[in-house]
Amino acid sequence: MKKLALSLVAVTGLFLAFGHTLRASNAADFGAAPKSMFAEGDEEEPVEEPEEEVPGAGTIEACGDAPGGDPSVEIKKGGTAPGNIKVTSVTINGVTIPPSQYTVNDQNTTSPEVVFHNPTPGAPAKGAKVCVYGTTKDGDKEHEGKLDW
């Protein structure tokens, strides 16, 4: 019995002495830094992965408030034309609208039009924040578009 008790005491002592090393190495194995490496209150910042660059492709984001009652909106870009715009998604008040609930007229042109289906979702309510996202054929990576109701 004394040998067992001594063994448990020895194992417990080793764990207390080296346990923080084991926890740190396990955290590193999973890509996390051990908490003891940061001062209290510091937080680890996420590492951003670089966006994959597609030669000749850009993006456009056009947001605005709906006037109410108009089920269609045209996407335009002020200044130089961004190249052909392909609408990829639409949100109303931050909620992504399924593509089955709208039609894109003149897709892959410099000013496509999104027409919301009636009755669902129908014309966005007055003041609703509508955002249309898409890709462009030119090399300018980020276009800020506007919505023309």
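Above this note sits the structure.
Residues numbered from 1 in each chain as written. Predicted model: local features only at pLDDT ≥ 70, side-chain atom pairs only at ≥ 80, totals over all residues. Heavy atoms only, no water.

1. Here's the deal with the sheet that holds strand E2 (residues 72-77)
- In space, the eight strands of this open sheet follow the order E4-E3-E7-E1-E8-E2-E6-E5, with mixed pairing throughout. The sheet is open, and its two edges are formed by strand E4 (95-96) and strand E5 (102-105), each paired on a single side.
- Sheet topology note: the E2/strand E8 (residues 142-148) ladder contains four bridges and is antiparallel. Paired with Lys77 across the strands is Gly145, a residue of E8. (Pairing = 2+ DSSP bridges. Helix = DSSP H or I, 4+ residues; strand = E, 2+ residues; numbered from the N terminus.)

2. Concerning the environment of Ile60
- Structurally, the position occupied by Ile60 is in strand E1 (residues 58-65).
- Assessed through its relative accessible area of 4%, Ile60 is described here as buried.
- Distance in space between the C-alpha atoms of Ile60 and Lys76 is 9.5 Å, their sequence separation being 16 residues. (Buried < 20%, exposed > 50% of the residue type's maximum accessible area, 1.4 Å probe, protein only.)

3. Quick look at the pairing of E2
- Inspection of the sheet shows E2 paired to strand E6 (residues 113-116) by three bridges, in the antiparallel sense. Residue pairing across strands places Glu74 opposite Glu113, the latter belonging to E6.

4. Some remarks on the environment of Lys126
- For Lys126, the position within the fold is in the loop between E6 and strand E7 (129-136).
- In this structure, the C-alpha to C-alpha distance between Lys126 and Asp70, residues 56 residues apart in sequence, is 9.2 Å.

5. Some details on the pattern of salt bridges
- Enumeration over the complete set of coordinates arrives at one salt bridge.
- For the salt bridge of Lys76 with Asp148, the shortest nitrogen-to-oxygen distance reads 3.1 Å. Of this pair, Lys76 sits in strand E2 while Asp148 sits in strand E8, placing them 72 residues apart in sequence. (Salt bridge = Lys/Arg side-chain N within 4 Å of Asp/Glu carboxyl O.)

6. Focus on the side chain of Ser72
- Mapped onto the elements of the fold, Ser72 is located in strand E2.
- Setting aside residues no more than four positions away along its own chain, Ser72 makes contact with Glu113, Val114, Val115 and Trp149. (Contact = heavy atoms within 4.5 Å.)

7. Regarding the nonpolar core
- Among the nonpolar cores identified, the biggest contains 17 residues, and Ile75, Val90, Val114, Phe116, Val130, Val132 and Leu147 are the most heavily contacted of them.
- Sorting the residues of this core by element identifies E1, E2, strand E3 (85-92), E6 and E7 as the ones contributing at least two each.
- The element best represented in this core is E3, accounting for four residues.
- Residue contacts for Val114: discarding those within four places in its chain leaves Pro71, Ser72, Val73, Ile75, Val87, Val90, Tyr102, Thr103, Val104 and Val132. (Core = buried A, V, L, I, M, F, W, Y, C linked by side-chain atoms within 4.5 Å.)

8. What to know about unusual backbone geometry
- The omega torsion of the bond from Asn118 to Pro119 falls at 5°, within 30 degrees of zero and hence cis.
- Relative to the assigned elements, Pro119 resides in the loop between E6 and E7.
- Pro121 follows Thr120 through a cis peptide bond whose omega is -5°.
- Relative to the assigned elements, Pro121 resides in the loop between E6 and E7.
- At Asn93, a position not held by glycine, the phi torsion is positive, near 50°.
- In the Ramachandran plot, Asn108 falls in the positive-phi region, its phi being about 65° despite a non-glycine side chain.
- The residue Asn108 is located in the loop between E5 and E6 in this model.
- By relative accessible area, Asn108 is classed as partly exposed at 34%.

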